[in-house]
Amino acid sequence: MKFQPIDQFAATLPPDKRASVYQSTKATHEKRTKLLFDQFADPNRLREIAGGIKQHAIENLDTLLPRVEAKLKANGVRVHWAATADSACATVLGIMRARGATRMVKAKTMVSEEIELAPYLEKHGMEALETDLGEFIVQIDHDHPSHIVRPIIHKNRREIATSFEREGLGAYDDDPGTITRRARHFLRHKYLAADVGLTGANFISAESGRIVLVTNEGNSRFCLAATKCHIALVGIEKVVARDRDLALLLNLLGRSATAQELTAYTEFISGPKAAAQPDGPEEMHVIFVDNGRTEVLASECREILRCIRCGACLNVCPVYRQVSGHGYRSVYPGPVGAVLSPLLLGKKFPQKADLAKASSLCGACHEVCPVNIPIPDLLLRLRHRAKEESVPSPGTPPMGAWALLASQPTAWKAALAGGRVLNYLPAKLLPVPALHTWAATHTLPPWRGGEFRKWLRQRPKP
Amino acid sequence: MTDEREAILARVHQALAPLPRRAALPEYDSEIAVLRQLLAGRDLVELFTERIKRVNGLAFTEVGALVAHLRANGWLHGYCDPVLWPRFAPLFGPGFTVETAFDRKRVDDYAFGLTRAAGAIAESGTIVLNEAATSRRLAALAPWVHVAVIERAEIFADLPHAIAALGSDPNVIWITGPSKTADVEGILIEGVHGPGVQIALVL
C-alpha cells in the first residue's frame, strides 16, 4: 500500500533519533506546564488575552503596517518591503553590496530559513554565517533545522563532535561543554570581522517601532555589538499594536518555548546605536517580508498568523514526537507547520496537503498554544480544502462504499438489519492470522444495529 | 521597492476587506501576568538578589565582596567603565589590571567587564542595560564575567513597569542570567557567546 510522505518518513526514522526527540520534547513540555500552572492562577486566561492581542494585530495590519513604518523611519531606520522570498534575498544582497560588505553574521531567524537566505548569499559570493550554536551545526552539516526552537534536536553529541573535527574545530571531543566553548572561540572572531549583522524579530511594536529579539546564547547581541550594519528580516505578521502588550507576550514566550520565565537576552531595538556608544550598528534596515503571508491572511486559516514560534505545539504533539521535524518537509514543522507550510505555498498547496492529515486532532496543540490558535480546527479546514481541490490521498482506505451506504437511508437500514450476521461470525475460522490472535482474547459485543431507530419510533410523544 | 510596498499593502487590504468586523484590542489589567505573590511586601533589592540567583546569576551589595570574588577566581584582568573607575580603583587594590578603554582586537584578554546598568527587574532577576547608561556593548558581552552596577533606586518591581520605562533609548537589553544553550542533547551549558558568569553589583 502507498502511504503519505510523512508516514513514509516516520517509518524509516532510526529508533535512537525517535527516542531522543520524544524525550526532549516531553521534558520541555512538562517543565512548561509546571512553570505556568505553579506561577499563574489562570494561565489559560493569559493565553486567551495574548491570542486576542495577536488576532487584533493581524486583522488590523492595514493600519498597523503603515504606522510601524512611519515610526521606524522617524527612528532613523530604512524600511524595505519584499513580496517574495527572492525579493527579500535580493534586498539583503543589495544592502550588502551598497556597503561593500562581504561578511554577514546571522542570528537565528525562521524567516531567513524560509527564504533560504544563507545559500543565496553564498551563491553570490558573500559569507553568511549562522551564530546560534544549533543553527551553526546545521549549517556546517548542510542539514536543516528539525525544531523551531531546538534546531538540532535530531542530532546527538557524537555526530556533532565528528562534524567539529571534520571542520577543523579541534580533535574529537563529544563533551557538550567543550563543543560549546569551541564554537564560542571560533564565532567571536567571526562576529568581530563581520560587516553586517542579520536578525529576525520576535515582535515589532507599532506604537514605538521597537523590535523585540530574544535569544539565550547572546548571539544576536554579539551581532549587534560587533557589526556596523543591522538588517532585520520581519514577517509582516510580527506587528503588535502597543508596547504594553510585550510584557504579557514575553512572559508567555519564554515559558512556552523553553520553560524559562524570561529568555536570557531580551533586546528592544528602536534604531541605530546612540551617537556616544562605540559599539553597534550605525545603519539599520528593516525588511518586511510577505512571501505568502497575505494569502494566509485572506484564507480561512488566518489565525495561524498569530504564531509566536515558541515550539510548544511541537513538544506536545504525539505525531511530532514520533516523526521529528524533517518529516514535515518544511521550515516550520509540527502542528503549526502542518497548517502554515501548505498555506505559504499558495497555489502549490497540494504538495504539502498531506501534512494536515498528520494529526490525531487530539487538541493538545491548541491547549498549549500561548496565543490560543485553534490548530485542530485549522487542520480540518485544510483537509476540507484538499478534498475540494481533489488532492490525492494515498494510504486512505477507499470510503466510496461507506459514503454510498451512509447517504442512502434504505441501504443504511438494510445494512443495520443485515449486520446481525456478525453475531454468528466464526472469527477463529477466518483465514486472517491477525484476527485469530485478537479473537483469542476478545469477543465482539452483540450487534445491536437499528435498535436506536426502533426506540426513537416507539417512544411516547410528548 | 515602492511597488512592492504598494502591492503588499493592497493585498493586505484585499484580504481584510471581506471581514464583517475586526477583532478588538483586548483590554486587560497588566497585573494579570505579574507574580504578585512573589512581590507582595518585599524589599526590591532583597527580592532582586534572590531572583538573580535563581537564574544562575550572582549578586553583591558591597564592592569589597565583589573584588574578593574576582580575586578568588583569578579574574584579575578586566575592563571598567571610565566613569566608575575613580570610585572603584581604591577598592580593587594591587594584583588587578583594569583598563578603562576596551580594545576589540583583544576581546579575550578581558576576564571581566564592569559596566553601569540602567536598572534591574526584581520579579525576574533581570539586569537592564541601555545605551545611555552602559559605556560599551562589547565590554558587557565578550568577557567571561560581566558585572553590572545597579543603583538601588533603579530596580523595577515587574515586567510591565520595566516596559513602561523603556523610554526613547534606541537599544535596551534585559539580561536574565548568563548566556546559555541547551542545543546539544538538551544539556544546559553556560557561557556560549556572552558571559558565563553574570554578576549584579547593587549599590
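Just so it is clear, the model here is predicted, and its values are computed rather than measured. (Residues numbered from 1 in each chain as written. Chains lettered and ligands numbered in written order. Predicted model: local features only at pLDDT ≥ 70, side-chain atom pairs only at ≥ 80, totals over all residues. Heavy atoms only, no water.)

A. Region of the structure containing the packing of aromatic side chains. Counted according to the given criterion, the structure contains 14 aromatic pairs over all chains. Here the aromatic rings of Trp 402 of chain A and Trp 412 of chain A are separated by 5.6 Å at their centres, their planes lie at 85 degrees, and the arrangement is edge-to-face. With Trp 402 of chain A in helix 19 (residues 400-406) and Trp 412 of chain A in helix 20 (residues 409-418), this residue pair connects regions lying 10 residues apart in the sequence. For Trp 412 of chain A, a relative accessible area of 23% gives the class partly exposed. Seen from their ring centres, Trp 85 of chain B and Phe 92 of chain B are 5.2 Å apart, and the 65 degrees between their planes marks the pair as edge-to-face. With respect to burial, Trp 85 of chain B and Phe 92 of chain B carry one shared label: buried. One aromatic cluster is present, formed by Trp 85, Phe 92, Phe 96 and Phe 112 of chain B through successive ring pairs. Over the ring of Phe 349 of chain A we find Arg 385 of chain A; its NZ or CZ atom is 3.9 Å from the centre of that ring. (Phe/Tyr/Trp six-rings, centres within 6.5 Å; stacked < 30°, edge-to-face > 60°. Helix = DSSP H or I, 4+ residues; strand = E, 2+ residues; numbered from the N terminus. Buried < 20%, exposed > 50% of the residue type's maximum accessible area, 1.4 Å probe, protein only. Lys NZ or Arg CZ within 6 Å of the ring centre and 35° of its normal.)

B. Up close: the domain arrangement of chain A. According to the domain assignment, chain A contains domain 1 (5-11 + 295-388), domain 2 (40-291) and domain 3 (409-458). For domain 2 of chain A versus domain 3 of chain A, the separation of C-alpha centres amounts to 59 Å. (Domains from an automatic or database assignment.)

C. Spatial organisation of the interface of chain A and chain B. Every contact between the two is made by 96 residues of chain A and, on the other side, 74 residues of chain B. Between chain A and chain B, a total of about 7,300 Å² is buried, with carbon and sulfur atoms accounting for 57% of that surface. Together, Trp 81, Arg 184 and Arg 221 of chain A form the three largest contributors to the area buried by chain A at its contact with chain B, with a combined 10%. Between chain A and chain B we count 10 salt bridges in total. The salt bridge partner of Arg 244 of chain A is Glu 27 of chain B, with a shortest N-O separation of 3.8 Å. There are 50 residue pairs in polar contact (both at pLDDT 80 or more) connecting chain A and chain B. The biggest single contributor to the side of chain A that touches chain B is helix 10 (residues 176-193) of chain A, with 12 residues. Taken together, the residues of the side of chain A that touches chain B sort by class into 43 nonpolar, 28 polar and 25 charged. Relative to strand 9 (residues 171-175) of chain B, strand 9 (residues 265-269) of chain A runs antiparallel, the two being bridged by five bridges. Looking at the pairing, Ile 269 of chain A lines up with Asn 171 of chain B of strand 9 of chain B. (Contact = heavy atoms within 4.5 Å. Buried area = accessible area lost by both parts, 1.4 Å probe. Salt bridge = Lys/Arg side-chain N within 4 Å of Asp/Glu carboxyl O. Polar contact = N/O pair within 3.5 Å; in protein donor to acceptor, adjacent residues only side chain to side chain. Nonpolar A, V, L, I, M, F, W, Y, C, P; charged D, E, K, R; others polar. Pairing = 2+ DSSP bridges.)

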